[in-house]
Amino acid sequence: MRAIASFFCGLVFGCGLLISGMTEPPIVLGFLDVLGHWNPTLAFVMGGALVVSAVGFAFARRQPAPVFAERFDWPTQGKIDAALVVGSILFGIGWGLVGLCPGPAIENLATPSTELIVFVLAMIAGMGLYGWRQTRLPSAEGREPAIASDG
Amino acid sequence: MAAFDPVAGLLGGVLIGLASVMLMVLTGRIAGISGIVAGVVSSSRGERSWRLAFLAGLVGAPLIIGVLGGSFEPPPMPSNWGLIVVSGLLVGFGSRLGGGCTSGHGVCGIARLSRRSIVATGLFMAAAMIVVAIMRHGMGG
């Protein structure tokens, strides 16, 4: 049941990305191009998504448990650390180079080009590199599970 | 040039928000795509199936839109292979190091008023805007 619900959520999420134009790098890059012919679409997408999810998450927090799971898995980290800062900057540089972030990159696999497949493989390799680095770190930070994070 | 469409943007945004809320209410998970993708490889079997199902839905969405009469084409990409590989590596590594991407931090995190996510979103947007400014207006322009 959990997988079926999750599939449906992915479908709705994908329709949202598609309708809003976020699967198209020119529209995303148009938002990031503040010195050029600026396209504010992404701000409207975020605005719509934030209003709905803020209200919806407030509702979710009042529920005793999710429908198909034992408990809610809210992110618990609160500290702004170097990893958050450096990681976000690196992610932003990569995002600005091509205009693809993970959601649209995966969704675009529906009509794949060689360029897109190479991008997605490089993205997965980048994630793997992070996981490999985590297993090699001797510090407490390195023992944290690689996936328990903000999203 | 890609057109500015506030209505489509808002409508799509509402669907993205709705999907994020549904994933939390139904399965108790945050709809952060970078975390979901990374978890397919690194998590246990029980944690893998819902992640694969979500990603299958994501890839399936264009087919639904296609049935409804919409169109979906391969995205325009740069022809420079080095640029594509570097961009993919940075998106993958950076989103994991930073704990999330546009969905996990930018939507779900800010909606929770998470300080981490607000800082992360500000940083990755600023970094991306600087990169685009350099690429489009800085080099020889």
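What counts and how
- Residues numbered from 1 in each chain as written.
- Chains lettered and ligands numbered in written order.
- Predicted model: local features only at pLDDT ≥ 70, side-chain atom pairs only at ≥ 80, totals over all residues.
- Heavy atoms only, no water.
- Helix = DSSP H or I, 4+ residues; strand = E, 2+ residues; numbered from the N terminus.
- Contact = heavy atoms within 4.5 Å.
- Areas by Shrake-Rupley, 256 points an atom, 1.4 Å probe, with all protein chains shown as cover.
- Buried < 20%, exposed > 50% of the residue type's maximum accessible area, 1.4 Å probe, protein only.
- Lys, Arg positive; Asp, Glu negative; His and termini not counted.
- Charge placed at Lys NZ, Arg CZ, Asp CG, Glu CD.
- Phe/Tyr/Trp six-rings, centres within 6.5 Å; stacked < 30°, edge-to-face > 60°.
- Lys NZ or Arg CZ within 6 Å of the ring centre and 35° of its normal.
- Domains from an automatic or database assignment.
- Buried area = accessible area lost by both parts, 1.4 Å probe.
- Salt bridge = Lys/Arg side-chain N within 4 Å of Asp/Glu carboxyl O.
- Polar contact = N/O pair within 3.5 Å; in protein donor to acceptor, adjacent residues only side chain to side chain.
- Nonpolar A, V, L, I, M, F, W, Y, C, P; charged D, E, K, R; others polar.
- UniProt positions renumbered as here; feature names shortened; annotations may be inferred.
- Core = buried A, V, L, I, M, F, W, Y, C linked by side-chain atoms within 4.5 Å.

### Remarks on the overall build of chain B
Part 1: Each helix and strand counted, chain B has six helices and zero strands in total.
Part 2: When the helices and strands of chain B are read in sequence order from the N terminus, they spell out α-α-α-α-α-α.
Part 3: In terms of its C-alpha atoms, chain B occupies a principal-axis envelope of roughly 50 × 40 × 30 Å.
Part 4: Counted over contacts in chain B with a minimum sequence separation of 6, partners at least 24 positions apart contribute 32%.
Part 5: If you sum the accessible surface of chain B, you get close to 5,700 Å²; carbon and sulfur atoms cover 70% of it.

### Considering the overall build of chain A
Part 1: Each helix and strand counted, chain A has seven helices and zero strands in total.
Part 2: Scanning chain A from its N terminus toward the C terminus, one meets helices and strands in the order α-α-α-α-α-α-α.
Part 3: Its C-alpha atoms give chain A principal-axis dimensions of about 45 × 40 × 30 Å.
Part 4: Each of the 151 residues in chain A was classed as buried or not, and the buried ones make up 51%.
Part 5: For chain A, the share of sequence-separated contacts (at least 6 apart) that also reach a separation of at least 24 residues comes to 41%.
Part 6: On chain A, roughly 6,700 Å² of surface is accessible, and the fraction owed to carbon and sulfur atoms is 67%.
Part 7: On chain A, the mean spot of the 8 positive side-chain charges and the mean spot of the 10 negative ones are 13 Å from each other.

### A closer look at the packing of aromatic side chains
Part 1: By the definition in use, this model includes nine aromatic pairs over all chains.
Part 2: Relative to Phe124(B), the ring of Phe91(A) has its centre 5.0 Å away and its plane inclined at 90°; by these criteria the two rings are edge-to-face. Highlighted residues: Phe91(A) in helix H4 (residues 82-98) and Phe124(B) in helix H6 (residues 115-138), drawn from two different chains.
Part 3: Each residue in the set Phe57(A), Phe72(A) and Trp74(A) is aromatic and connected to the rest through ring pairs, giving one cluster.
Part 4: A cation sits over an aromatic face here: Arg61(A) above Trp74(A), 4.0 Å from the ring centre.

### Some thoughts on the domain arrangement of chain A
Residue and element names in this part refer to chain A.
Part 1: The domain architecture assigned to chain A consists of domain 1 (1-74) and domain 2 (79-151).
Part 2: Each of domain 1 and domain 2 was reduced to a C-alpha centroid, and the two centroids are 18 Å apart.
Part 3: Across the contact, eleven residues belong to domain 1 and nine residues belong to domain 2.
Part 4: With both sides pooled, the region where domain 1 packs onto domain 2 buries about 730 Å², and carbon together with sulfur makes up 68% of that total.
Part 5: Inspection of the domain 1/domain 2 interface yields zero salt bridges.
Part 6: At the junction of domain 1 and domain 2, the tally comes to one residue pair in polar contact (both at pLDDT 80 or more).
Part 7: If you list the elements that add at least two residues to the side of domain 1 that touches domain 2, you get helix H1 (2-20) and helix H2 (25-32).
Part 8: Its residues placed into classes, the side of domain 1 that touches domain 2 shows nine nonpolar, two polar and no charged.

### Considering the interface of chain A and chain B
When the parts of a complex come together, some accessible area is lost, and that lost area is often used as the size of the interface.
Part 1: Residue-level contacts link 107 residues of chain A with 111 residues of chain B.
Part 2: Summing the contributions of chain A and of chain B, the shared interface buries around 9,900 Å²; its carbon and sulfur component is 78%.
Part 3: Across the pair Asp81(A) and Arg116(B) runs a salt bridge whose closest N-O atoms are separated by 3.5 Å.
Part 4: The interface formed by chain A and chain B holds 14 residue pairs in polar contact (both at pLDDT 80 or more) in total.
Part 5: Contributing elements (two or more residues each) for the side of chain A that touches chain B: H1, H2, helix H3 (41-61), H4, helix H5 (102-107) and helix H6 (114-136) of chain A.
Part 6: Sorting elements by how many residues they give to the side of chain A that touches chain B places H1(A) first, with 18 residues.
Part 7: Taken together, the residues that form the side of chain A that touches chain B break down as 69 nonpolar, 27 polar and eleven charged.

### Details of the UniProt feature "transmembrane region" (unreviewed entry) in chain A
Residues and elements named next belong to chain A.
Part 1: According to UniProt, the positions carrying the feature "transmembrane region" (unreviewed entry) are residues 40-60, 80-98 and 110-132.
Part 2: Secondary structure within residues 40-60 divides into 95% helix and 0% strand; the distance between the first and last C-alpha atoms comes to 30 Å.
Part 3: Measuring from the first to the last C-alpha atom of residues 110-132 gives 29 Å, for a span that is 83% helix and 0% strand.

### Concerning the nonpolar core
Part 1: In this structure, Phe13(A), Leu32(A), Leu42(A), Trp95(A), Phe119(A), Phe54(B) and Leu55(B) are the most contacted members of the largest nonpolar core, which totals 66 residues.
Part 2: The next biggest cluster of nonpolar side chains, apart from the first, holds six residues, and it includes Leu11(A), Leu18(A), Ile65(B) and Phe72(B).

### Brief notes about the UniProt feature "transmembrane region" (unreviewed entry) in chain B
All names here are of chain B.
Part 1: UniProt marks residues 14-40, 52-72, 78-97 and 118-139 with the feature "transmembrane region" (unreviewed entry), using the numbering shown here.
Part 2: In the segment residues 14-40, helix accounts for 81% and strand for 0%; the C-alpha atoms at its two ends are 26 Å apart.
Part 3: Within residues 52-72, the helical portion is 76% and the strand portion 0%, while the C-alpha atoms at the span's ends are 22 Å from each other.

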